[in-house]
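The residues making up each chain are set out below.
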Amino acid sequence: MLEDTSFAIHPGTEKQNEAAAYHDIGSVIDQEKVDDTYHFTCENGRIAICFYTDSIVRIVMNPKEAPKMKGSRSVIPEPKHVEVREEITSDLHLLHTAKLRLSISKSPFRMNIFDQEGKELVAEGEHGMAWRESGEIAVFKEMDVADHFYGFGEKAGFLDKRGEVYEMWNTDVYAPHNPETDPLYESIPFFMTLRKGKAHGIFFDNSYRSWFDMRSFGDRYAYRAEGGELDYYVMAGPGPKEVVYQYTYLTGRMPLPPKWAIGYHQSRYSYQTEQEVRTIVQNFIDRDIPLDVVHLDIHYMNGYRVFTFDEENFPNPEQLIKDLREMGVRVVPIVDPGVKKDPEYPVYQEGVNKDLFCKYLEGDIYFGDVWPGTSAFPDFTDEESRTWWAEKHRFYTDIGIEGIWNDMNEPAVFNETKTMDVQVMHRNDGSPATHRELHNLYGLLMGKATYEGLKDQLNGRRPFLLTRAGFAGIQRYAAVWTGDNRSFWEHLQMSLPMVMNLGLSGVAFTGPDVGGFAHHTNGELLARWTQVGAFTPFFRNHSAIGFLYQEPWRFGERYEAVIKEYIRMRYRWMPQFYSLFAKASKQGLPVMRPLFMEFPDDEKTYNLNDQFMIGDNVIIAPILAPAVVDRAVYLPEGEWIEAASGKVYQGKQTYLIHAELEDLPLFIKKGTAVMQTEWTSNQDKSWKRVSMDIYAGEDEERYRFTYYDDDGETFAYQHGSYLELEVEIVSTKTAVNVEIVNRNGDYVPAYGQIDVQVIGRKDGQDVIINGDKMNGSNYLSLAE
Ligand code: GLC
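Residues numbered from 1 in each chain as written. Predicted model: local features only at pLDDT ≥ 70, side-chain atom pairs only at ≥ 80, totals over all residues. Heavy atoms only, no water.

1. Regarding the overall build of the chain
Short version of the rule: Helix numbering and strand numbering both begin at the N terminus, where a helix is a DSSP run of H or I of at least 4 residues and a strand a DSSP run of E of at least 2. Only the C-alpha atoms count toward the radius of gyration. The rule for a globule is 2.2 Å times the residue count to the power 0.38. Each residue is placed in one exposure class: buried if its accessible area under a 1.4 Å probe, protein chains only, is under 20% of its type's maximum, exposed if it is over 50%, and partly exposed if it falls in between. The contact rule is simple, with two residues in contact once any of their heavy atoms fall within 4.5 Å. Note on areas: Shrake-Rupley with a 1.4 Å probe; residue coverage comes only from the protein chains shown. This count recognises Lys and Arg as positive and Asp and Glu as negative, with His and chain-terminal groups excluded. Throughout, a charge is located at the NZ atom of Lys, the CZ atom of Arg, the CG atom of Asp or the CD atom of Glu.
Broken down by element type, the chain carries twelve helices and 52 strands. At 27 Å, the chain has a C-alpha radius of gyration in line with the 28 Å of a compact globule built from 784 residues. The principal-axis extent of the C-alpha atoms belonging to the chain is close to 75 × 70 × 55 Å. Here the chain, with 784 residues, has 63% of them falling under the buried criterion. Nonlocal contacts in the chain, meaning residues at least 24 apart in sequence, comprise 69% of its contacts between residues at least 6 apart. Working note: accessible area of the chain is about 28,600 Å², and carbon and sulfur atoms make up 47% of it. On the chain, the mean spot of the 81 positive side-chain charges and the mean spot of the 119 negative ones are 2 Å from each other.

Listed below in structure tokens is the structure:
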């Protein structure tokens, strides 16, 4: 192919100034307010503006007619009635809420948005909203020299996306995954801008193929989409956390996962027989390595037909699942969307007879090649197909399965375009539209069908769903793993910013294949990767057919010991993780965060790619290269205690930290606490003892956090059966004061009390719990 040779940079192939080819929206001709929506008729298009909260405004432009404001399916809430003060002058139209000020100049229509302090968030200059005859819509915004960009869902490359161009089009990319490989499996057309410590967000609710360009237009950035309305939301922030909160207010938050889903998962493409699965699990038991889930990849099926088991290799799945469950392990099978074209296969028969597959306008079913060969694809855009698919999962839930792994749901098809024909006409719940428009929603809607089906069938137990493809809002249904990476150190490195940006894009439950999927891993890489995996929200070791097996024990005793230690560490940190997941489910905040989220005024954190935070007080600086045992670690403001050594480091400095293969540099902010438990056994993973490990401060440090617990597997928490403690810790020269400021919920865990351990306590410092001076054994009783 010519594009793969130097011909690609032949003179004369450079892009022209793209902005020139657009029709500008032009000047305002007419304006009116209908209910709570402000309408502007301009020379070249119509605009509607409405508020969702006083911090969130929606702007919709349609080149030809009044905006339909349909949205994609990502946004859940309706606009709220917001107090808006309107001011109209001859050339300006001003709309103020308590948090935002929109200033619209009328000739031509340009909109600038300011925060409550009058700081400009979003500005249009020479160019604003525009469109092309092809149906493409676009908007150009000014780019401040101080702007840094984050989010955009699942993207390769570094944390800060300034200077990048990204495409939104869910794509199955087996190889390569380079810093420039784009697009990948998930499309989330949302980003956050950080400018001098303040953040705001923009979400483009358009499912067509679209692009963000922070590179090509000098001091402007652009968003454009192949079709549809220009429909976007501006979120006021003012900090990165508020932006994620606002974005997930719109697109939803993750359901609280069952505890088992945040444990360790072991997978392989594929464990090919029941016996192999049993042997793998038995190894975990015998070696006392924690394991919650084993995944079944495509070989469990009969000829890759979904909703079947291969009778020879998996003769008795129900017994298998039951036996593993007794060992403390659950089974999560893969389910792809492609249904094999086979007239003797009941699922295919039903899909055809009930008219549930994706079709062309003319009525022919669309067929594409995937693992089973020629296959049809359920039309998840339609309720009837979703309900059918959901019901089909009884095949799994009836035999004790509580989690499903959705793959190839971009949808991937083995052809030149890698996906379904864009001319397929989806039913789309009564508003038919082509695959060109709905492609990016296919994975999201498969997720919706699957999650809702499982939830229905599990008699009050929480389902777990893992997905490869998705769109804005996917967090409502599924955890996301980052697809087919390789056993390269570079892919371990790239996974950190990728997972952090996914977290900023509303997807808190995410992680890469630990150890690398394709290519051959080795003991050192697997050990270092497991150290990271122990702290990424989703923690699964998965490897591909044809490459070395990479279970924890495959590379000899030294590596096994390290890997085991870190998987166990994950389980010791479970109470901390679970509380952070609870926060993600309530406020949308990511579990794993870039440092700038907590230190937005510290420029050194703006593109810090090789360190991350768990919650707001723990920094992890893993080793990400072979044979390295020393690395630079930047610690932001505050004092930081290295967990392993107890050594205290002053913040705002960079240190050279030593870490042998056995070590993971992990720092806890002085004056704060983490919740821990002890690893017991695979068969009984309930927490026997929970401790609050306080890293004593002495200089009036004040720290508040929320500890959350419940039964870990049912929805009883939605009816009050949970424990939520809001804890405040104040350290002074004479005391470490621990106070429960608030307690909610009526769940009393079996462990009955929380042991309070104060680390680094100075002579003369007392421990005071809820006002009582403690001597010797310190604990907080949970009895009511
Ligand atoms: C895809 C998935 C991978 C899976 C394989 C076989 O490549 O990304 O995780 O193992 O298909 O199902």
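And the narrative resumes.
2. Here we look at the domain arrangement of the chain
For the record, the criterion: Marked domain ranges trace back to an automatic or database domain assignment.
Considered domain by domain, the chain is made up of domain 1 (6-142 + 198-238), domain 2 (259-335 + 384-410 + 436-590), domain 3 (593-668) and domain 4 (689-781). Between the C-alpha centres of domain 1 and domain 4 there is a distance of 47 Å.

3. Regarding the sheet that holds strand 43 (residues 666-669)
Strand pairing in a sheet relies on backbone hydrogen bonds, with the paired strands running either antiparallel or parallel. Rule in force here: In short, DSSP must find at least two bridges between two strands for them to pair.
Reading across the sheet, the six strands line up as 36-37-38-43-40-41 and stay open at both edges, with antiparallel pairing between neighbours. The open sheet has two free edges, formed respectively by strand 36 (592-593) and strand 41 (648-650), since each of these has just one partner strand. As defined by bridge partners, strand 40 (residues 639-642) adjoins strand 41 across three bridges and the pair is classed as antiparallel. Note that in strand 41 the partner of Trp640 across the bridge is Tyr649.

4. Brief notes about the state of the cysteines
Rules: Cysteine sulfur atoms are paired as a disulfide whenever they fall within 2.5 Å.
Taken as a whole and assessed by the stated rule, the structure comprises zero disulfides. Unpaired in this structure, Cys42 has its nearest cysteine sulfur neighbour in Cys50, at a distance of 16 Å.

5. A look at the sheet that holds strand 26 (residues 373-376)
If you trace the three strands from one edge of the open sheet to the other, you get 24-26-25, paired in antiparallel fashion. Strands with a single pairing partner mark the edges of an open sheet, and in this sheet they are strand 24 (339-340) and strand 25 (367-370). Inspection of the sheet shows strand 24 paired to strand 26 by two bridges, in the antiparallel sense. When the sheet's bridge partners are listed, Val339 is paired in strand 26 with Ala376.

6. Let's talk about the packing of helix 5 (residues 383-392) against helix 8 (residues 442-457)
Defined as follows: Axes here mean lines fitted to C-alpha atoms, for a helix over just the part in contact, with angles spanning 0 to 180 degrees between N-to-C directions. Roughly parallel here means an angle under 35 degrees, roughly antiparallel means over 145, roughly perpendicular means 65 to 115, and every remaining angle is called oblique. We call a crossing left-handed when the near helix sits turned anticlockwise from the far one by less than a right angle, and right-handed when that turn is clockwise. In this classification, Asp, Glu, Lys and Arg are treated as charged, Ala, Val, Leu, Ile, Met, Phe, Trp, Tyr, Cys and Pro as nonpolar, and every other residue, Gly included, as polar.
Between helix 5 and helix 8, the shortest axis-to-axis distance is 8 Å and the interhelical angle comes to 50 degrees. By the angle class used here, helix 5 and helix 8 are oblique. The interaxial crossing formed by helix 5 with helix 8 has right-handed handedness. Contact with helix 5, carried on its side by Arg386, Trp389, Ala390 and Glu391, involves Leu445, Met446, Lys448, Ala449, Thr450, Gly453 and Gln457 of helix 8 and no other residues of that element. A class-by-class count of the residues in the contact of helix 5 with helix 8 yields five nonpolar, three polar and three charged.

7. Describing helix 1 (residues 240-251)
Put simply, the rule is: The span you would expect from a helix comes to 1.5 Å times its residue count less one.
With twelve residues, helix 1 extends 16 Å from end C-alpha to end C-alpha; this agrees with the ideal 16 Å at 1.5 Å per step. Residues Pro240, Val243, Val244, Gln246, Tyr247, Thr248, Leu250 and Thr251 constitute the buried set of helix 1. Directly after helix 1, the chain includes Gly252, whose backbone phi takes a positive value near 95 degrees.

8. Section: the site of the ligand
Which entries qualify depends on this criterion: Throughout, the term near means that a residue has one or more heavy atoms lying within 4 Å of the molecule or strand in question. Any N or O atom pair separated by 3.5 Å or less is treated as a polar contact, with the protein-specific requirement of one donor-capable and one acceptor-capable atom, and with residues adjacent in sequence counted only for side-chain atom pairs.
The local shell around the ligand consists of Tyr269, Asp297, Ile298, Ile334, Trp371, Trp405, Asp407, Arg468, Trp481, Asp484, Phe517 and His542. At a separation of 3.0 Å, an oxygen atom of the ligand approaches a polar side-chain atom of Asp407. Here an oxygen atom of the ligand sits 2.5 Å away from a polar atom, N or O, in the side chain of Asp484. About the coverage of the ligand: the protein hides 97% of its 300 Å² of free accessible area.

9. So, the packing of aromatic side chains
Spelled out, the test is: The pairing test for Phe, Tyr and Trp rings, Trp by its six-membered ring, is centres within 6.5 Å, and the orientation test on the planes gives stacked under 30 degrees, edge-to-face over 60, and tilted for anything in between. Remark: a charge is flagged as sitting over a ring if the NZ atom of Lys or the CZ atom of Arg is within 6 Å of the ring centre and within 35 degrees of the ring normal.
Per the stated rule, a full pass over the model turns up 59 aromatic pairs. One cation-aromatic arrangement involves Arg305 over Tyr345; the distance from NZ or CZ to the ring centre is 5.9 Å. The positively charged end of Arg570 is found above the aromatic ring belonging to Phe577, 4.3 Å away from the centroid.

10. Description of the pattern of salt bridges
Here the idea is simple: oppositely charged side chains can pair when their charged atoms come close. Threshold: For salt bridges, the criterion is a side-chain nitrogen of Lys or Arg within 4 Å of an Asp or Glu carboxyl oxygen.
Evaluated as defined, the whole model comprises 57 salt bridges. A salt bridge links Asp172 to Arg468, with the nearest nitrogen and oxygen atoms 3.3 Å apart. Of this pair, Asp172 sits in the loop between strand 14 (165-168) and strand 15 (186-187) while Arg468 is found in the loop between strand 30 (464-467) and strand 31 (470-471), placing the two residues 296 residues apart along the sequence. Residue classification places Asp172 among the buried positions, given a relative accessible area of 15%. What makes Arg468 buried here is its relative accessible area of 1%.

11. So, the side chain of Asn617
The topology assignment puts Asn617 in the loop between strand 37 (612-614) and strand 38 (618-620). A residue is classified by how much of its surface remains accessible, and Asn617, at 1% relative accessible area, is buried. Aside from chain neighbours lying at most four places away, what touches Asn617 is Gln576, Trp640, Phe667, Ile668, Lys669, Thr672, Ala673, Val674 and Tyr703.

12. Topic: the environment of Asp336
Positionally, Asp336 belongs in the loop between strand 23 (330-335) and strand 24. Residue class for Asp336 comes out buried when judged on its relative accessible area of 6%. Asp336 sits 71 residues away from Asp407 along the chain, and the two C-alpha atoms are 5.1 Å apart. Excluding residues within four positions of it along the chain, Asp336 makes contact with Ile298, Val306, Trp371, Trp389, Asp407, Met408 and Met446.

13. Digging into the nonpolar core
To keep things clear, this is the line we draw: Here the nonpolar core consists of buried residues drawn from Ala, Val, Leu, Ile, Met, Phe, Trp, Tyr and Cys, with membership extended through side-chain atoms lying within 4.5 Å.
Within the largest apolar cluster, 186 residues are counted, with the highest numbers of intra-cluster contacts made by Trp389, Phe535, Met692, Tyr707 and Ile754. For Tyr707, the contacting residues outside a window of four places in its chain are Pro575, Ser579, Met675, Trp687, Val690, Leu723, Glu724, Leu725, Tyr751 and Ile754.

14. Looking at the pairing of strand 19 (residues 220-225)
Across the six residues that make up strand 19, a large majority, six, are buried. Side chains Arg220, Ala222 and Arg224 of strand 19 all project onto a buried face; the interleaved residues Tyr221, Tyr223 and Ala225 project onto the opposite face, where all are buried too. Two elements, strand 12 (residues 137-142) and strand 19, share six bridges in a ladder whose sense is antiparallel. The residue of strand 19 that forms the bridge with Glu142 is Arg220. The pairing of strand 18 (residues 210-217) with strand 19 spans five bridges and is antiparallel.

15. Section: helix 10 (residues 523-533)
Summarising burial for helix 10: ten of the eleven residues are buried, a large majority. Taken residue by residue, helix 10 has Gly523, Leu525, Leu526, Ala527, Arg528, Trp529, Thr530, Gln531, Val532 and Gly533 as its buried positions. Buried-residue contacts for helix 10 involve helix 9 (489-504), strand 34 (513-514), strand 35 (540-541), helix 11 (557-572) and strand 37. The opening residue of helix 10 is Asn522, an N-cap whose side-chain oxygen sits 3.1 Å from the backbone nitrogen of Glu524.

16. Quick notes on the pairing of strand 43
Note that strand 38 and strand 43 share three bridges and pair antiparallel. From the neighbouring strand, Val618 faces strand 43, where its bridge partner is Ile668. Two elements, strand 40 and strand 43, share three bridges in a ladder whose sense is antiparallel. Paired with Ile641 across the strands is Ile668, a residue of strand 43.

17. Section: the packing of helix 2 (residues 274-287) against helix 3 (residues 317-326)
Where helix 2 contacts helix 3, the two axes come as close as 11 Å, and the packing angle between them is 0 degrees. Judged by the inter-axis angle, helix 2 sits roughly parallel to helix 3. Here Glu274, Val277, Arg278 and Val281 of helix 2 come into contact with helix 3, specifically with Pro317, Gln319, Leu320, Asp323 and Leu324.

18. With respect to the environment of Tyr271
Residue placement: Tyr271 occurs in the loop between strand 21 (265-266) and helix 2. As a C-alpha pair, Tyr271 and Arg215 span 56 residues in sequence and 45 Å in three-dimensional space. The contact partners of Tyr271, leaving out residues within four places of it in the chain, are Gln266, Glu276, Val277, Ile280, Val294, His295, Phe314, Tyr549 and Glu551. Side chain to side chain, Tyr271 and Gln266 meet in a polar contact 3.3 Å long.

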